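# Structure at a glance
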Amino acid sequence: MLARRSLLAAGLALPALSARAQTYPDRPVRCVNPFAAGSAVDVVIRLVAQDLSERIGTQFIVENRTGASGNIGTEVVARSRADGYTLLVGSPGTMGINPFLFRTLPYKVEDFVAVSHLVSFPQVMVVNPASPIRSLADLVQAAKARPGALNYATSGAGSTSHLAFELVRAATGIEMTHIPFRGGSPAIQAVMQGEVQVAIEGLPSLPGFLSAGQLRAIAVTSGERAAKLPDVPSVAETVPGFDAAAWVIVFAPTGTPAPIVQKLSAEMQTSLARPQVRERLQELGATVIGTDAAATTAFHAAELRKWQRAVQLSGASVD
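Now for a quick tour of the structure.

## A short note on helix 3 (residues 71-78)
When you tally the buried positions in helix 3, you get six out of eight residues, the bulk of the element. Where helix 3 is concerned, the buried positions are Asn-71, Gly-73, Thr-74, Val-76, Val-77 and Ala-78. In the core, the buried residues of helix 3 are packed alongside strand 1 (29-33), strand 3 (86-90), helix 4 (92-101), strand 4 (112-121) and strand 10 (246-253).

## Focus on empty space enclosed by the protein
For the structure on display, the rule yields one cavity of 30 Å³ or more. Approximately 30 Å³ is the volume found for the largest cavity. As for the largest cavity, its lining consists of Tyr-24, Pro-25, Ile-56, Phe-60, Lys-263, Leu-264 and Glu-267. Of all the elements, helix 9 (residues 258-273) adds the most residues to the lining of the largest cavity, at three residues. Each residue belonging to the lining of the largest cavity can be placed in one class, and the counts come to five nonpolar, no polar and two charged.

## Focus: the sheet that holds strand 2 (residues 60-64)
Backbone hydrogen bonds hold the strands of a sheet together, and the pairing may be parallel or antiparallel. An order of 2-1-3-10-4-11 is seen for the six strands of this open sheet, with the pairing classed as mixed. Only two strands of the sheet have a single neighbouring strand rather than two, namely strand 2 and strand 11 (287-288). Bridge count between strand 3 and strand 10: three bridges; the pairing is antiparallel. From the neighbouring strand, Val-89 faces strand 10, where its bridge partner is Val-250. Along the sheet, helix 3 makes contact with strand 1, strand 3, strand 4 and strand 10, crossing strand 3 at roughly 145°. In this fold helix 9 packs onto strand 2, strand 3, strand 4, strand 10 and strand 11, with an angle of close to 10° to the strand it touches most, strand 4.

## Comments concerning the side chain of Ser-131
Inspection of the secondary structure puts Ser-131 in the loop between strand 5 (123-127) and helix 5 (136-145). Residue classification places Ser-131 among the buried positions, given a relative accessible area of 14%. A distance of 3.0 Å separates a polar atom in the side chain of Ser-131 from the backbone nitrogen of Ile-133.

## Here we look at the side chain of Ser-120
Position of Ser-120 among the secondary structure elements: in strand 4. Exposure remark for Ser-120: the relative accessible area of 11% places this residue in the buried category. Once residues within four sequence positions are removed from consideration, Ser-120 is found in contact with Ala-245, Ala-246, Trp-247, Ala-286, Thr-287 and Ile-289.

## Regarding the layout of surface pockets
Empty space within the largest pocket amounts to approximately 1100 Å³. Phe-35, Ser-155, Ser-159, Thr-160 and Glu-201 are, among the 38 residues lining the largest pocket, the residues nearest its centre. Looking at the lining of the largest pocket, the elements that each hand over two or more residues are helix 2 (40-56), helix 4, helix 6 (160-172), helix 7 (184-192), strand 8 (198-202) and strand 10. When its residues are assigned to classes, the lining of the largest pocket shows 17 nonpolar, 20 polar and one charged. Of the pockets and cavities examined, the second largest pocket occupies roughly 360 Å³. Along the wall of the second largest pocket there are 22 residues; nearest its centre are Ser-120, Pro-122, Ser-222, Glu-224 and Thr-287. Taken together, the elements giving at least two residues each to the lining of the second largest pocket come down to strand 4 and helix 11 (293-314). Within the lining of the second largest pocket, the residues separate by chemical class into nine nonpolar, seven polar and six charged.

Reading the values: the criteria
Residues numbered from 1 in each chain as written. Predicted model: local features only at pLDDT ≥ 70, side-chain atom pairs only at ≥ 80, totals over all residues. Heavy atoms only, no water. Buried < 20%, exposed > 50% of the residue type's maximum accessible area, 1.4 Å probe, protein only. Helix = DSSP H or I, 4+ residues; strand = E, 2+ residues; numbered from the N terminus. Contact = heavy atoms within 4.5 Å. 1 Å grid on protein atoms, 1.4 Å probe; cavity = no way out; pocket = protein on both sides within 12 Å on 5 of 7 lines; lining within 4 Å. Points joined across faces, edges and corners; volume = space filled by probe spheres on them. Nonpolar A, V, L, I, M, F, W, Y, C, P; charged D, E, K, R; others polar. Pairing = 2+ DSSP bridges. Axes fitted to C-alpha atoms, helices over the stretch in contact; angles between N-to-C directions. Polar contact = N/O pair within 3.5 Å; in protein donor to acceptor, adjacent residues only side chain to side chain.

Here it is in structure tokens:
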């Protein structure tokens, strides 16, 4: 009798969920970005949110809740109601690296369900234009000739750029000394001033320096060459299968009704397919993805395994 009642209740709930999804959203939706306004991730979500707002007629509001390496804003979403009205703008830092970097974390990966993988951003390995290093092969040769003597700069210990370089280092068998800086800009400045030999930084931060001849790109960390830098080889051309691109994935709190997740995913895919959105994202150097919830979930699971290995390789940890 109890089983029959449970089945009956479930059957009654399905139409209610479907009806709720049809009317969703009927009030503003918060898209919480755990990092500062103006970043590449911020520009991506604002473009998508603006298009969603205009097409659907309900506001998608981007809210920047910064602090604690993105953990504050991520926790806000983890503790929010699972109704589709509070979403997380996820990136490798908060949803790939921090779960393994921090000894204690105010949220768990299991607190979220994936909605859509919006874009990926290649990271770029750069050197001073006066450097004799003109390729990844040159770097590997120089590093193996003097193990530990060459330096690489990153935006900080445990950052995406640091861990991407750790994956490169492990894949090529080289030893180099990590020089962490407080952000990407000082790391790039150190390369331009000849203080370090090489750095990895996100593509959106680099076009001005590259076009002005202040930096030379020798490789991109994405699986394929970047459309914005077609003459720069990918690391994968030297290390088959290598891919350490950054990404933007939208997540919702676990328990958000599946019909709402599916509707959100479909609407985001529609926005990404619109020429005015797609072209602007490509101008930023983004690779537009736009996968559904199931494909995004599978991709994110693989990314978690990759970044866990990178954290282990680096030996980095935060109390």
